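Residues per chain, in single letters:
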Amino acid sequence: MNSCQITQLNVYPVKSLAGISYDAARVTAKGLMYDRHWMLINPKGQFVTQRQLPKLALITTALSDDYLLLSHTDSGSQISVALQYDPDAPLMQARVWQNECQVLDEGEAISAWLTQVTQSPFPLRLVRMAQGFQREVDQSDKLGVDSAAVITEFADGFPFLIANEASLQLLNQHLEQPIPMNRFRPNIVVAGLDPFAEHKVKLLTNREVTFALQFPCERCLVTTIDQSSAHKHPEQEPLRTLRQLNPMPDRINAAAFGENASLVQGENFIIKVGDSLEVNAAE
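Only a predicted model underlies this, so the values are computations on that prediction, with no experimental measurement involved. (Residues numbered from 1 in each chain as written. Predicted model: local features only at pLDDT ≥ 70, side-chain atom pairs only at ≥ 80, totals over all residues. Heavy atoms only, no water.)

A. Structural context of the overall build of the chain. Assigned secondary structure in the chain consists of 4 helices and 22 strands. For 283 residues, the compact-globule formula gives about 19 Å, and the C-alpha radius of gyration of the chain, at 18 Å, lands near that figure. In terms of overall dimensions, the chain has a C-alpha envelope of 50 × 40 × 35 Å along the principal axes. Counting all 283 residues of the chain, 52% fall into the buried class. (Helix = DSSP H or I, 4+ residues; strand = E, 2+ residues; numbered from the N terminus. Rg over C-alpha atoms; globule rule 2.2 N^0.38 Å. Buried < 20%, exposed > 50% of the residue type's maximum accessible area, 1.4 Å probe, protein only.)

Following this line, the structure appears as structure tokens:
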């Protein structure tokens with residue numbers, strides 16, 4: 001049985017804002033601890049990402065024992081949000097793709113700050129999942145995968161996104177300007193697999209933790225946004241090249257990169273960069 005090694009662990013506390021790289025991270029059924037724990041919504045309660053506001057890439061995130069700290073790279077402005085739930089926070093409804101969620105609003109100050117630094121044409125609000133609410137993911141309408149038993153926070157699809165270093169290396173060989181892995185915003189990056197071999201993997205496992213790789217991640221225009229400048233590539237690279245190299249199954253006009261994954265075992269286990277995972281290939 002082949003094996004691979006974890007080379008990156010990334011947590012994105014706020015959906016579509018910059019992430020945090022760790023040497024170790026706690027695994028939960030909903031994803032790495034604090035991954036996509038918050039998201040932004042518009043006045044209609046619909047989620048907002050870099051698809052609508054590329055400048056979200058310019059807001060960095062950090063986590064302390066007590067606070068989420070947001071920093072705007074251009075202005076240097078900062079604001080913090082308490083990690084502890086506010087019992088007086090108003091309960092709201094928000095929508096992530098097909099999922100209606102009960103959420104708590106983080107208040108007027110953070111709303112005004114986010115709206116200002118992103119120069120959003122509409123007010124933004126920061127929300128987190130209401131205590132006790134569980135979002136069950138269902139991808140059956142899009143990919144024929146019945147995943148209602150899988151719970152996550154505000155990730156697009158499954159709790160984990162696993163990417164392969166060799167796939168990025170092959171993609172970069174076909175691009176005029178190589179790109180970093182952060183274009184694809186993965187949680188777990190591995191080395192030791194052949195390019196795009198992650199799509200043939202059923203399980204990644206060791207004695208403590210097991211991930212089930214469910215289906216390829218369909219990529220969108222966020223991959224064309226430089227995460228350090230928020231500029232979009234004028235010719236939609238790397239998406240155009242990726243469609244040719246690695247199309248989605250049965251959808252040649254859509255590009256795949258990385259695998260959506262769920263947790264089979266290992267709740268609350270801490271995984272580390274350098275950990276080895278055995279590869280169980282799909283039959």
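B. A look at the packing of aromatic side chains. Tallying each qualifying case throughout the model produces 5 aromatic pairs. Relative to F215, the ring of F158 has its centre 5.2 Å away and its plane inclined at 85 degrees; by these criteria the two rings are edge-to-face. One end of the pair, F158, is in the loop between β14 (151-152) and β15 (160-164); the other, F215, is in strand β18 (residues 210-218), and 57 residues separate them in sequence. A cation sits over an aromatic face here: R128 above Y85, 4.7 Å from the ring centre. (Phe/Tyr/Trp six-rings, centres within 6.5 Å; stacked < 30°, edge-to-face > 60°. Lys NZ or Arg CZ within 6 Å of the ring centre and 35° of its normal.)

C. Structural view of the sheet that holds strand β21 (residues 270-272). Across the sheet, 3 strands lie side by side as β4-β3-β21; this open sheet has antiparallel pairing. A single partner strand is all that each edge strand has here, and the edge strands are β4 (31-32) and β21. The sheet contact formed by strand β3 (residues 24-28) and β21 spans 3 bridges and is antiparallel. Bridging across to β21, A25 finds its partner in I271. (Pairing = 2+ DSSP bridges.)

D. Highlighting the environment of Y22. As for its placement among the helices and strands, Y22 is situated in strand β2 (residues 20-22). Between the alpha carbons of Y22 and Q8 there is a distance of 7.4 Å; along the sequence they are 14 residues apart.

E. Unusual backbone geometry, seen in detail. Residues E237 and P238 are joined by a peptide bond in cis, for which omega reads 10 degrees. Tracing the sequence through the fold places P238 in the loop between β18 and α4 (239-245). Phi angles above zero are rare outside glycine, and S16 is one such case at about 80 degrees. By the element assignment, S16 lies in the loop between β1 (3-11) and β2. In this structure, D250 takes a positive phi of about 65 degrees despite not being glycine. Looking at the secondary structure, you find D250 in the loop between β19 (247-248) and β20 (251-265). For D250, a relative accessible area of 83% corresponds to the exposed category.

F. Just the sheet that holds strand β9 (residues 78-82), in detail. Read across the open sheet, the 3 strands follow the order β7-β8-β9; overall the sheet is antiparallel. The sheet terminates laterally at β7 (59-63) and β9, the two strands that pair on one side only. Within this sheet the neighbouring strands show an average axis-to-axis angle of 20 degrees, counted without direction. In this sheet, strand β8 (residues 67-72) lies alongside β7 in antiparallel orientation, the contact comprising 5 bridges. Residue pairing across strands places T60 opposite S71, the latter belonging to β8. Of the strands in this sheet, β7, β8 and β9 touch helix α1 (residues 108-118), which is tilted by about 25 degrees from β8. (Axes fitted to C-alpha atoms, helices over the stretch in contact; angles between N-to-C directions. Contact = heavy atoms within 4.5 Å.)

G. Focus on α1. Looking at α1, one finds that the buried residues are I110, S111, W113, L114, T115, V117 and T118. Those residues of α1 that are buried are in contact with β5 (38-41), β7, β8, β9 and β12 (125-129).

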